[in-house]
Amino acid sequence: MKKEYIIPIFVPHLGCPHACIFCNQRKISGEQKNVRAEDVRKTIEYYLDNFKDDNKLVEVAFFGGSFTAIDIELQKELLETANEYIQKGLVNGIRISTRPDAINKNILKMLKKYNVKTIELGVQSANNYILQKAERGHTFEDVKKASKLINKYGFILGHQMMIGLPESTTIDEIDTAKALIKLKPKIVRIYPVLVIKGTKLEEEYNNGNYEPLSVVQAVERSKEVAHLFNKKKIRVIRIGLQNTDEICEPGNKTSQVVAGPYHPAFRQLVEAGMWYDVIVSRIKKLGTKVKQVQIRANPEDVNNIIGHKKENIEKLKEVYEVDVRVKLDEKIKNGKFEIIIEKTYDDIIEEKQRISIK
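Residues numbered from 1 in each chain as written. Predicted model: local features only at pLDDT ≥ 70, side-chain atom pairs only at ≥ 80, totals over all residues. Heavy atoms only, no water.

Draft legend 1. Representation of the nonpolar core in the model. In this structure, Ile44, Phe62, Leu111, Ile119, Ile190 and Phe229 are the most contacted members of the largest nonpolar core, which totals 64 residues. Apart from the residues lying within four places of it in its own chain, the contact partners of Ile190 are Met161, Ile163, Ser222, Val225, Ala226, Phe229, Val236, Arg238, Ile239 and Gly240. Residues Ala297, Ile313, Val324 and Ile339 belong to the second largest nonpolar core, which totals 16 residues. (Core = buried A, V, L, I, M, F, W, Y, C linked by side-chain atoms within 4.5 Å. Buried < 20%, exposed > 50% of the residue type's maximum accessible area, 1.4 Å probe, protein only. Contact = heavy atoms within 4.5 Å.)

Draft legend 2. Main features of a positive patch on the surface. Judged by side-chain charge, Lys178, Lys182, Lys231 and Lys232 come together as a positively charged surface patch. Owing to a relative accessible area of 45%, Lys178 belongs among the partly exposed residues under this scheme. (Patch = residues over 30% accessible without salt bridge, like charges linked within 9 Å, V, L, I, M, F, W, Y side chains within 5 Å. Areas by Shrake-Rupley, 256 points an atom, 1.4 Å probe, with all protein chains shown as cover. Salt bridge = Lys/Arg side-chain N within 4 Å of Asp/Glu carboxyl O. Lys, Arg positive; Asp, Glu negative; His and termini not counted. Charge placed at Lys NZ, Arg CZ, Asp CG, Glu CD.)

Draft legend 3. Quick peek at unusual backbone geometry. Notably, Gln124 is not glycine yet its phi reads approximately 75 degrees, a positive angle. Relative to the elements of secondary structure, Gln124 occurs in strand S4 (residues 116-124). Taking relative accessible area as the criterion, Gln124 reaches 7% and is therefore assigned buried. One non-glycine residue with positive phi stands out, namely Glu321, at about 55 degrees. Positionally, Glu321 belongs in the loop between helix H12 (311-320) and strand S11 (323-328). In this structure Glu321 comes out as partly exposed when scored by relative accessible area, which is 42%. (Helix = DSSP H or I, 4+ residues; strand = E, 2+ residues; numbered from the N terminus.)

Draft legend 4. View of the side chain of Glu59. Here Glu59 shows up in strand S2 (residues 56-63). According to the relative accessible area criterion, Glu59 is buried, its value standing at 13%. Beyond its immediate stretch of four places on either side in the chain, Glu59 contacts Tyr5, Ile6, Ile7, Val91, Gly93, Ile94, Arg95, Lys117 and Thr118.

Draft legend 5. The arrangement of the packing of aromatic side chains in detail. In the structure shown here, the tally under the stated rule is six aromatic pairs. Measuring from centroid to centroid gives 6.1 Å for Tyr47 and Phe51, while their planes differ by 50 degrees, and the two rings are tilted. The exposure class of Tyr47 is partly exposed, given its relative accessible area of 27%. For Phe51, a relative accessible area of 14% translates into the label buried. (Phe/Tyr/Trp six-rings, centres within 6.5 Å; stacked < 30°, edge-to-face > 60°.)

Below is the structure:
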């Protein structure tokens, strides 16, 4: 199986006609200057020189701005530069992220010409009231129109949604996930809202008009929507913003995060939480009060079964008084596991009775 590599190129806030209340793309991306062809070339060369696998798939990804809303000549300049490496056989495709109201047939035809494979739309919410509160400047109708066009023209469709926008509830976010599923994306990103310096949301937070989610709340909400996407076999390719010098623990001297559910291992918290729920459900169905179980699973799943800093193992012990041993088994498929009862409370009672009889 080929290893997938992404060459990220950030085009912060270029072309975006709106300043969403949560957004300061220059802070989020860590980029402070506009990008030109030479920057693209240098970035691609740097990454290609440092990739180790020969058997690989490489994609150049333009992130951070509303790519298809920037000046058309600059779009062509950046795409043409990336496409040179596709023509040379060094890169397999191009991915862009953009606004749903910056997609039309002419744009899609142009993107096809330059071998763009994947288009990710910043959706954020399916609730028009919440979109208006966030000052997105588009409606969910724009999302539906853009998504249908992207699928029609044969691109891989991606959606990005947010957890914890002003006045957004768990139900709103579940409804958003369900609405997106109907539009048939292949990939999804889930971002909990962080309060970033220099944004309107920071003003609302400082004025007491916005209360960000806690890490626990954001994890629980993210679990809900990730579960819905997983059931429909839609790949959740990211949960939480990527950690950078700017996106890190609030209080760090380089951090641009004022408040909100930041955690350096946010995705693992979500995925480990989902595993925990399934494991508890399976243990409850065993039909007996168990004291010790063995969980056999694929090595790639072990970290999420154990949980961040062994949180799942400790919680099972504390809440359900169950000792868990995890055993690696490469024969078990990713996402699957087996539970073997090693000791029940009946075993302990019988053992005590035998000792007392002796």
